[in-house]
Amino acid sequence: MLRVVLAQPRGFCAGVERAIEIVERALVKYGPPIYVRHEIVHNRHVVEDLRTRGAIFVDELDEIPTGATTIFSAHGVARVVEETASRRGLAVIDATCPLVAKVHNEGRRYAAAGREIVLIGHAGHAEVEGTIGQIPGKVHLVQTVADVAALTVADPEKLAYITQTTLSVDDTRQIIAALTERFPAIRGPDVRDICYATQNRQTAVHELAKAVDVILVVGSQNSSNSNRLREIGAELGKPSYLIDDASALRPDWFAGIASVGLTAGASAPETLVQEVIEGLRRFGAIEVTTLEGVAENVRFRFPPELADSEPAEASSF
Ligand code: SF4
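Computed from a predicted model, the values in this text were never measured in an experiment.

Conventions used here
Residues numbered from 1 in each chain as written. Predicted model: local features only at pLDDT ≥ 70, side-chain atom pairs only at ≥ 80, totals over all residues. Heavy atoms only, no water. Axes fitted to C-alpha atoms, helices over the stretch in contact; angles between N-to-C directions. Helix = DSSP H or I, 4+ residues; strand = E, 2+ residues; numbered from the N terminus. Parallel < 35°, antiparallel > 145°, perpendicular 65-115°, else oblique. Left-handed = near helix turned anticlockwise from the far one by under 90°. Contact = heavy atoms within 4.5 Å. Nonpolar A, V, L, I, M, F, W, Y, C, P; charged D, E, K, R; others polar. Core = buried A, V, L, I, M, F, W, Y, C linked by side-chain atoms within 4.5 Å. Buried < 20%, exposed > 50% of the residue type's maximum accessible area, 1.4 Å probe, protein only. Domains from an automatic or database assignment. Buried area = accessible area lost by both parts, 1.4 Å probe. Salt bridge = Lys/Arg side-chain N within 4 Å of Asp/Glu carboxyl O. Polar contact = N/O pair within 3.5 Å; in protein donor to acceptor, adjacent residues only side chain to side chain. Pairing = 2+ DSSP bridges.

**Student:** Got a sec to walk through the packing of helix 8 (residues 196-211) against helix 9 (residues 224-235)? Specific residues and values, please.
**Tutor:** At their nearest, the axes of helix 8 and helix 9 sit 9 Å apart, and the two run at 25° to each other. In terms of orientation, helix 8 lies roughly parallel with respect to helix 9. Where helix 8 crosses over helix 9, the handedness of that crossing is right-handed. The segment helix 8 lies against helix 9, with Thr198, Arg201, Gln202, Val205 and His206 engaging Asn225, Arg228, Leu229, Ile232 and Gly233. Of the residues contributing to the contact of helix 8 with helix 9, the split by class is three nonpolar, five polar and two charged.

And the structure:
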């Protein structure tokens, strides 16, 4: 019998729950269509579900009619996007995760103190683009230890670093060590910009890897924190697969193994995890257990426009 071990915690974080509920509440309060700049969270199923309920996802603001209700995604946006929205007369509701906004504030504080900023993060990710665009002055993006060696800065005595919220804790520690070795005067938050949900899910994958032969991570290909979970599983020596849903399961992954670990990125709904469990059942008998892990009770306030509105009646998640 295949043993299926569930990681704890897994799946939705407080920032994702809030962002999805912001769209749901806006749909109830203002009625469709509600425009959302960028995928509200990086999950294909969540985006598709909200689309069927009247959300319209766009890449840029010029696709939105003047005056329309517009939601900024959980990843945050650059200043120029906020300014353009204001100029266009869009009624903006900001679903930026408060923990991303905290990093924006931190970067602005360092910049106001005359420090040049080094952002540790992944080029092209929506959060990174938003964070760079929230900080006045030069922001250097570094993705690897090698990038640190290649950095050219104005004044090594006046530097600070901040990080993307969904990075690998272990990789980030190495980059920070390289930064502090090359620039001893640099200031920064250590790995505290990496959010509680990312850290907890990574810790849980470390535990999972001790207990199973193969690891499955439910999450979309463009989800940063889900990719990190898969990479950590692989680095710990376990074949690890990132899957959108049960349809991606392949029987040959489980041939001759005794146990499979299952987790989900912070943007992946628990319904998909349960469907994967059902999918595994189709390959043969399974026994499901859950690892112990920290209990999360983080909740974030809603933006003022929606604080008193009714929660959506029936969330699909
Ligand atoms: Fe916020 Fe972390 Fe969730 Fe991103 S993963 S939305 S930073 S709580």
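**Student:** Describe in detail the nonpolar core, supporting the description with residues and values.
**Tutor:** Grouped together as the largest cluster of nonpolar side chains are 27 residues, with contacts concentrated most on Val23, Ile40, Val41, Leu50 and Ile71. Those elements that place two or more of their residues in this core are helix 1 (14-30), strand 2 (34-37), helix 2 (44-52) and strand 3 (55-58). Of all the elements, helix 1 adds the most residues to this core, at seven residues. Non-local contacts of valine 41, meaning those with residues more than four positions away in its chain, are made with Val16, Ala19, Ile20, Val46, Val47, Ala74, His75 and Ser267.

**Student:** So what's going on with the domain arrangement of the protein chain? Residues and values would help.
**Tutor:** What the domain assignment reports for the protein chain is domain 1 (2-12 + 196-290), domain 2 (14-96 + 300-306) and domain 3 (99-182). Centre-to-centre separation of domain 1 and domain 3, based on C-alpha positions: 30 Å. Domain 1 puts nine residues into the contact, and the matching count from domain 3 is 11 residues. The largest share of the area that domain 1 buries against domain 3 comes from Thr198, Ser224 and Arg228, three residues that together contribute 47% of it. Across the contact surface, domain 1 and domain 3 share zero salt bridges. On the surface where domain 1 and domain 3 come into contact, there are five residue pairs in polar contact (both at pLDDT 80 or more). The dominant element in the side of domain 1 that touches domain 3, judged by the number of residues it contributes, is helix 8, at five residues. Partitioned by chemical class, the residues of the side of domain 1 that touches domain 3 number one nonpolar, six polar and two charged.

**Student:** Can you break down unusual backbone geometry residue by residue, with the values?
**Tutor:** Leave glycine aside and you will find that most residues have negative phi; peptide bonds, for their part, are mostly trans. For the peptide bond that leads from glutamine 8 to proline 9, omega is 0°, which places it in the cis range. With respect to the helices and strands, the residue proline 9 is situated in the loop between strand 1 (2-6) and helix 1. With an omega of 0°, the peptide bond running from proline 32 to proline 33 counts as cis. Secondary-structure assignment places proline 33 in the loop between helix 1 and strand 2. At histidine 38, a position not held by glycine, the phi torsion is positive, near 75°. Note that histidine 38 resides in the loop between strand 2 and helix 2. On the accessibility criterion, histidine 38 (25% relative accessible area) is partly exposed. Phi at aspartate 190 takes a positive value of approximately 55°, unusual for a residue other than glycine. Tracing the sequence through the fold places aspartate 190 in the loop between helix 7 (169-182) and helix 8. Taking relative accessible area as the criterion, aspartate 190 reaches 31% and is therefore assigned partly exposed.

**Student:** Could you give an account of the sheet that holds strand 8 (residues 159-163), with specific residues and numbers?
**Tutor:** Strand order in the open sheet made by the three strands is 7-6-8, with parallel pairing throughout. The open sheet is flanked by strand 7 (139-142) and strand 8, the only strands paired with a single partner. Strand-to-strand twist in this sheet, taken as the mean axis angle between neighbours without regard to direction, amounts to 25°. Where strand 6 (residues 116-120) meets strand 8, five bridges bridge the pair, whose relative direction is parallel. Its bridge partner being in strand 8, glutamate 116 is matched across the sheet by leucine 159. Sheet strands touched by helix 4 (residues 98-112): strand 6 and strand 8. Its angle to strand 8, the strand with the most contacts, is close to 175°. Each of strand 6, strand 7 and strand 8 touches helix 7; the most contacted strand, strand 6, lies at about 150° to it.

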